[in-house]
Every structure is written in structure tokens, then in C-alpha cells.
Amino acid sequence: MPGGRLTQQERQQIALGLADSLPYAEIARNLGRPTSTITREVMRNGGPTSYRADLAHRATERRAHRSRNAPSQEPESAPQPHGRNARAVADYEETFTTVLMRSGVSRIPARVLTSLFTSDAGSLTASQLTQRLQVSPASISKAITFLESQSLVRRERDEGRRDRYVIDDDLFYQATIASARANDEVVKTAREGAAVLGHDTPAAIRLENVARFLDHISESITRAAEQARQILHTNPTPPDRT
């Protein structure tokens, strides 16, 4: 429907068209939409080189949600601890989730991470995450599996033998070290390729240069992580509000 909102599938088609360097007019014809609709959609969501269908769709849902709730001064939600403003917290969670998605984390894992970051306890159960995010237990399980594989979340058992998903200071150190180790695997494989291709060939030289670059990066990351680790266990000085 030319007058209706773009669907997520249509946004995916727009992203594919941009990847193929199609002009806006052709993308519009393929979707049966006005060219102005496509132009406005792309420019409103990062432009032709940065457009992402999932982020564009999320941004639209967020704007629609704000519009529906505009007459209300505060969102209907449980009282916030420490006297926090519920609407400010909700807006911040949306912003943080979007930033995580822009860094490459998919939507549900990004929302799980945001929930853990903004929880004072730094841990939540699967049922708490399901209720808080209003998604299925299967979605939470899949998100946790991904986050665990990236060393971003760890699992604990509470007194009721329920799994709790925890984000704490040492996880950032461990995730950084894991990233350096992943680079080490690329370094090893690149050097193996250089040996197979012949050390004096252009392809081998290219691979060896990649290996040297990543080797240096890994060493720098590991050294910096070790030096900065203590920061994760100190209380920051409160900002001066005078």
C-alpha cells in the first residue's frame, strides 16, 4: 500500500537495493512506492552508505511509540529505585540498545545486554528477562547463548537453582582478552597461508603483513587490558555538580 508505513520486509529490500547501487527510483518501482518515500526513508536513517533495515525499522517503532505516549507525562511502569525518572531510564535503554545494534549486536542480545547493564544487581533470571523485554523464553535462550559465546555474559545458579545471567567487571577484561586470542588465530592462519603460497609472492607478502599488523594489535590490546584491569574494580569519582 503506497500510503501505508514501510514494513520490515520492504526495508530489507531497500537495503538490498542500496547494496546493489540501484537508484532510489528503481527501488521505489520494485516496491510500488513513491520515490520520495524511499528517499525520505534512506536519508532519515543514515543515508545510502549507512542504511540498515533493522535499525531503520526500530527507529520507526520508537518514534511511533513516543507519539502514542505523547499525552502522558510519565510512562506507566513500576516505581524506579533511587528516585530515577522512569521515562528517562526507558529512553536511555532505547538509546543504549540502538548503539549496541550499530556496533553489530543483533536486537534481542542488545536488549538483554542493556537490561543487565542497567540493573543495579547486574544479574537477571531468564523469567525476569522474558517479562522485562516481553519476548519468548526461546528468544532469551538464543540471545544468552550468543552473548556467552562472546564472553559478554556468564551464567550462575541462585539458591533456588535457577540460572541467573550476570554481567560484571571481569567480563569486560575476559571479553577483551578473548578478542585478542581470536586475532591470534587469524595471525597463525595467515602465516600458514604465506608458507603455502610461497614467501616471496605478492599473496604471501599480503598475508604476512596482515599477520604482523594483527600480531601487533593483539599484543597492544593484551598489554592495555592488563594495565587497565584495576579500573574495573574502583569506584569512579562522582562528577562535580557545583
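Now for a look at the structure at hand. (Residues numbered from 1 in each chain as written. Predicted model: local features only at pLDDT ≥ 70, side-chain atom pairs only at ≥ 80, totals over all residues. Heavy atoms only, no water.)

Let's talk about the side chain of H57
In step 1: Its place among the elements puts H57 in helix α4 (residues 53-68).
In step 2: Ignoring any residue separated from it by four or fewer positions in sequence, one finds H57 in contact with L6, T7, Q8 and R11. (Helix = DSSP H or I, 4+ residues; strand = E, 2+ residues; numbered from the N terminus. Contact = heavy atoms within 4.5 Å.)

Description of the pattern of salt bridges
If charged atoms from side chains of opposite charge come close, those side chains can pair.
In step 1: On inspection of all chains with the given rule, the structure shows 13 salt bridges.
In step 2: When the shortest N-O distance is used, the salt bridge between R33 and E10 registers 2.9 Å. With R33 in the loop between α2 (24-31) and α3 (35-44) and E10 in helix α1 (residues 8-19), this pair connects stretches of sequence that are 23 residues apart. Each member of the pair, R33 as well as E10, carries the same accessibility label: buried.
In step 3: Residue R223 pairs with E219 through a salt bridge whose shortest N-O separation is 3.4 Å. Within this pair, R223 and its partner E219 are both found in helix α10 (residues 202-228), separated by four residues, close to a single helical turn.
In step 4: One continuous salt-bridge network, built from bridges that share partners, spans E148, R155, R157 and D163. (Salt bridge = Lys/Arg side-chain N within 4 Å of Asp/Glu carboxyl O. Buried < 20%, exposed > 50% of the residue type's maximum accessible area, 1.4 Å probe, protein only.)

Quick word on the environment of V42
In step 1: Within the element layout of this structure, V42 appears in helix α3.
In step 2: Overall, the relative accessible area of 0% leaves V42 in the buried class.
In step 3: Along the backbone, V42 and R52 are 10 residues apart, and their C-alpha atoms lie at a distance of 9.0 Å.
In step 4: Ignoring sequence-local partners within four residues, the contact set of V42 consists of I14, L18, Y24, G47, P48 and Y51.

What about the packing of helix α6 (residues 107-118) against helix α8 (residues 137-149)?
For any two helices packed against each other, the geometry comes down to the angle between their axes and how far apart the axes lie.
In step 1: Taken N-terminus to C-terminus, the directions of α6 and α8 make an angle of 80°; their axes are 9 Å apart at the nearest point. With respect to each other, α6 and α8 are oriented roughly perpendicular. Seen from α6, the contacting residues are I108, P109, V112 and L113; seen from α8, they are S139, I140, A143, I144, F146 and L147.
In step 2: Looking at the contact of α6 with α8 residue by residue, the class counts come to nine nonpolar, one polar and no charged. (Axes fitted to C-alpha atoms, helices over the stretch in contact; angles between N-to-C directions. Parallel < 35°, antiparallel > 145°, perpendicular 65-115°, else oblique. Nonpolar A, V, L, I, M, F, W, Y, C, P; charged D, E, K, R; others polar.)

Re helix α9 (residues 169-197)
In step 1: The end-to-end C-alpha separation of α9 is 43 Å, in line with the 42 Å expected for 29 residues at 1.5 Å each.
In step 2: All buried positions along α9 are accounted for by L171, Y173, A175, I177, A180, N183, V187, A190, G193 and A194.
In step 3: Contacts made by the buried residues of α9 are with β2 (154-157), β3 (163-166) and α10.
In step 4: Positive backbone phi, approximately 95°, marks G198, located one or two places after α9. (Expected span 1.5 Å × (residues − 1).)

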